[in-house]
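Below, each chain spelled out in residue letters.
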Amino acid sequence: MIAFLGLGRMGALMAGRLVDAGHKVTVWNRTPKELPGAHIASSPADAVADADLVVTMLSDPAAVDEVARAALPGLRPGSVFVEMSTIGPEAVARLRDLLPGSVRLVDAPVLGSLKPAADGTLTILAGGASEDLASVDDVLTIFGTIRHAGPVGAGAALKLAVMSAIVSAQVMLAENLAYVRALGLDRSDFLDTLSGTALAGLVDRVRPAVESGPPPTGYALGLAAKDLRLAGEGPGAAQTVTAAARDRLAQAVRDGLGGQDVTAIFTAALDAPAPEAPAQPVLKINPAAVPATNGYYSHATRTGDLLFVSGQVSLDEKGQVVGEGDMARQSEFIYANLGRILEDQGSSFDRVLHVRTFVTDMSLLGEHRDVRSRYFTGEPPASTTVEVSRLFQPGLLIEIEVVAAAG
């Protein structure tokens with residue numbers, strides 16, 4: 001039996017191919033979704049309980065970490081965990097440390113978007129031991145063509161390297177088109193000329209988006225921004241061209257284009273007015289990946305590169321306490337949500353400037369620190385911890401707010 005965790009646009013199509021190929025599939029998604037022919041699990045642990053093969057297709061490192069931790073109680077010894085999200089080699093290494101030694105790991109991010117996912121023509125960039133890859137070869141070929149990149153983590157590294165090239169080239173071309181306009185040149189003449197050069201393939205691919213606007217979202221601009229941010233965090237961080245492309249995409253996300261296809265960067269570049277020095281806007285941040293607030297506050301606000309995150313508590317989508325009486329569980333839930341908010345704004349725990357923690361019982365602080373140490377792994381930020389008599393809802397033991405550098 002195969003467990004498939006994550007039914008986003010790509011994940012739903014890939015899980016559907018497994019069902020169509022005759023596999024017994026159990027699926028789980030944070031927001032419950034139906035998948036014809038598949039069993040719907042109530043939790044990650046329930047989904048993987050009878051699975052010999054577990055596949056994750058999630059949005060970012062924080063989501064993979066949270067879902068993998070939730071799946072741990074149900075993982076079977078000897079099963080294979082295939083991580084197909086784009087999370088980078090460092091996150092894959094953390095996943096390997098998290099999983100039991102009896103569970104084998106293959107990292108296998110994909111190249112391609114919705115149509116290749118539906119057609120089974122993706123390119124799978126696989127990292128792992130040869131025997132582990134051989135054991136899942138028949139399943140991965142349902143998704144497309146496998147390229148063995150090396151040991152565990154090599155697939156994730158190759159994916160970031162490829163995306164650094166592809167996405168940066170698109171951002172460069174968008175900037176070139178704005179330059180052509182500023183020179184008073186004809187856009188078609190420019191594209192026709194480029195079509196006779198080494199950039200012909202790129203020009204032919206993006207020209208419809210340049211001339212007619214971005215197509216329906218296949219590869220979201222927000223995910224492209226996340227991929228380039230991850231590429232800038234590893235050993236190859238001294239990529240100046242990629243860093244500039246990352247910053248242009250991050251600005252497009254702040255301008256509200258994150259959900260559009262990545263080719264919306266051409267529209268953004270061509271529609272951009274002459275640069276001025278505007279006042280820094282104040283943005284209200286409420287990521288969809290975090291349980292909604294009660295409507296009286298936003299999860300975070302941002303001005304420039306400063307991000308102020310509201311106090312986070314352990315409440316689920318229904319406003320129910322998660323982990324009542326359990327300081328470690330509440331802390332884990334809070335840090336997972338903090339990670340999603342930071343990730344949404346191009347930040348991370350190593351960019352947190354100050355953290356303020358409110359606890360109802362200082363004697364439980366050690367349980368919280370054990371969790372905190374897994375998220376703040378380098379030099380710690382400035383910090384304040386306060387004991388309070390109670391928090392705003394019975395059963396809550398801890399509330400955490402942070403200020404971070406973003407973007």
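Only a predicted model underlies this, so the values are computations on that prediction, with no experimental measurement involved.

(A) Local environment of the overall build of the chain. Helix and strand content of the chain: 14 helices and 15 strands. Scaling as 2.2 N^0.38, a compact globule of 407 residues should have a C-alpha radius of gyration of about 22 Å, and the chain matches this with 22 Å. With the C-alpha coordinates of the chain rotated into their principal frame, the extents come out at 70 × 55 × 35 Å. Within the chain, the fraction of its 407 residues that count as buried is 48%.

(B) Structural detail: the nonpolar core. In this structure, Phe4, Met14, Val82, Met84 and Phe143 are the most contacted members of the largest nonpolar core, which totals 31 residues. At the level of elements, β1 (2–5), α1 (9–20), β2 (25–28), β4 (53–56), β5 (80–83), β8 (122–127) and α6 (130–140) are the ones that each hand at least two residues to this core. Residue contributions to this core peak at five residues, all from α1. In terms of nonpolar packing, the next biggest core, distinct from the first, is built from 27 residues, Val206, Tyr219, Leu257 and Phe266 among them.

(C) Expanded view of a nonpolar patch on the surface. Together, Tyr179, Leu183 and Leu185 give the surface a local cluster of nonpolar side chains, amounting to about 340 Å² of exposed area. Mapped onto the elements of the fold, leucine 183 is located in the loop between α7 (154–182) and α8 (187–194).

(D) Structural context of the packing of aromatic side chains. Throughout the structure, instances matching the rule amount to five aromatic pairs. Where tyrosine 335 meets tyrosine 375, the ring centres are 5.1 Å apart and the plane angle is 15°; that geometry is what we call stacked. With tyrosine 335 in helix α13 (residues 327–344) and tyrosine 375 in helix α14 (residues 365–375), this residue pair connects regions lying 40 residues apart in the sequence. Each of the two residues, tyrosine 335 as well as tyrosine 375, counts as buried. Taken together through their ring pairs, the aromatic side chains of Tyr335, Phe349, Tyr375 and Phe376 make up a single cluster.

(E) Representation of the UniProt feature "domain: 6-phosphogluconate dehydrogenase NADP-binding" (unreviewed entry) in the chain in the model. Per the UniProt record, "domain: 6-phosphogluconate dehydrogenase NADP-binding" (unreviewed entry) is annotated on residues 2–145. With 38% helix and 22% strand, residues 2–145 has its two end C-alpha atoms placed 19 Å apart.

(F) Broad picture of α1. In a regular helix each residue adds 1.5 Å, so twelve residues correspond to 16 Å; α1 covers 17 Å between its end C-alpha atoms and thus fits that length. The set of residues buried in α1 consists of Met10, Gly11, Met14, Ala15, Gly16, Leu18 and Val19. In this structure, the buried residues of α1 make contact with β1, β2, β7 (110–111), α5 (114–119), β8 and α6. Glycine 22 occupies a position one or two residues after α1 and carries a positive phi of about 95°.

(G) Layout of the sheet that holds strand β10 (residues 282–285). Strand order in this open sheet of six strands is β10-β11-β12-β15-β13-β14, and the pairing throughout is mixed. Either end of the sheet is taken by a strand with one partner, and the two such strands are β10 and β14 (382–387). Across the sheet, the mean angle separating the axes of adjacent strands is 10° when strand polarity is ignored. Helix-sheet contacts for α14 involve β13 (352–359), β14 and β15 (398–405), and the interaxial angle to β13 is about 150°.

(H) Representation of the side chain of serine 298. Assignment of secondary structure puts serine 298 in the loop between β10 and β11 (300–303). A polar contact of 3.2 Å, which involves the side chain of serine 298, links it to the side chain of asparagine 286. Not counting residues within four places of it along the chain, the set of residues in contact with serine 298 comprises Lys284, Ile285, Asn286, Thr293 and Ser310.

(I) Region of interest: helix α4 (residues 89–98). For α4, the set of buried residues is Ala91, Val92, Leu95 and Leu98. The buried side chains of α4 occupy one side of the element, clustering within an arc of 115° when seen end-on. The inward-facing, buried residues of α4 abut α3 (61–71), β5, β6 (104–107) and α7.

(J) Main features of the environment of valine 388. By secondary structure assignment, the location of valine 388 is in the loop between β14 and β15. Exposure remark for valine 388: the relative accessible area of 23% places this residue in the partly exposed category. Along the backbone, valine 388 and arginine 351 are 37 residues apart, and their C-alpha atoms lie at a distance of 27 Å. Ignoring anything within four residues of it in the chain, the contact list for valine 388 reads Phe358, Val359 and Thr360.

Parameters at a glance
Residues numbered from 1 in each chain as written. Predicted model: local features only at pLDDT ≥ 70, side-chain atom pairs only at ≥ 80, totals over all residues. Heavy atoms only, no water. Helix = DSSP H or I, 4+ residues; strand = E, 2+ residues; numbered from the N terminus. Rg over C-alpha atoms; globule rule 2.2 N^0.38 Å. Buried < 20%, exposed > 50% of the residue type's maximum accessible area, 1.4 Å probe, protein only. Core = buried A, V, L, I, M, F, W, Y, C linked by side-chain atoms within 4.5 Å. Patch = residues over 30% accessible without salt bridge, like charges linked within 9 Å, V, L, I, M, F, W, Y side chains within 5 Å. Areas by Shrake-Rupley, 256 points an atom, 1.4 Å probe, with all protein chains shown as cover. Salt bridge = Lys/Arg side-chain N within 4 Å of Asp/Glu carboxyl O. Phe/Tyr/Trp six-rings, centres within 6.5 Å; stacked < 30°, edge-to-face > 60°. UniProt positions renumbered as here; feature names shortened; annotations may be inferred. Expected span 1.5 Å × (residues − 1). Contact = heavy atoms within 4.5 Å. Pairing = 2+ DSSP bridges. Axes fitted to C-alpha atoms, helices over the stretch in contact; angles between N-to-C directions. Polar contact = N/O pair within 3.5 Å; in protein donor to acceptor, adjacent residues only side chain to side chain. Arc of directions from axis to C-beta.

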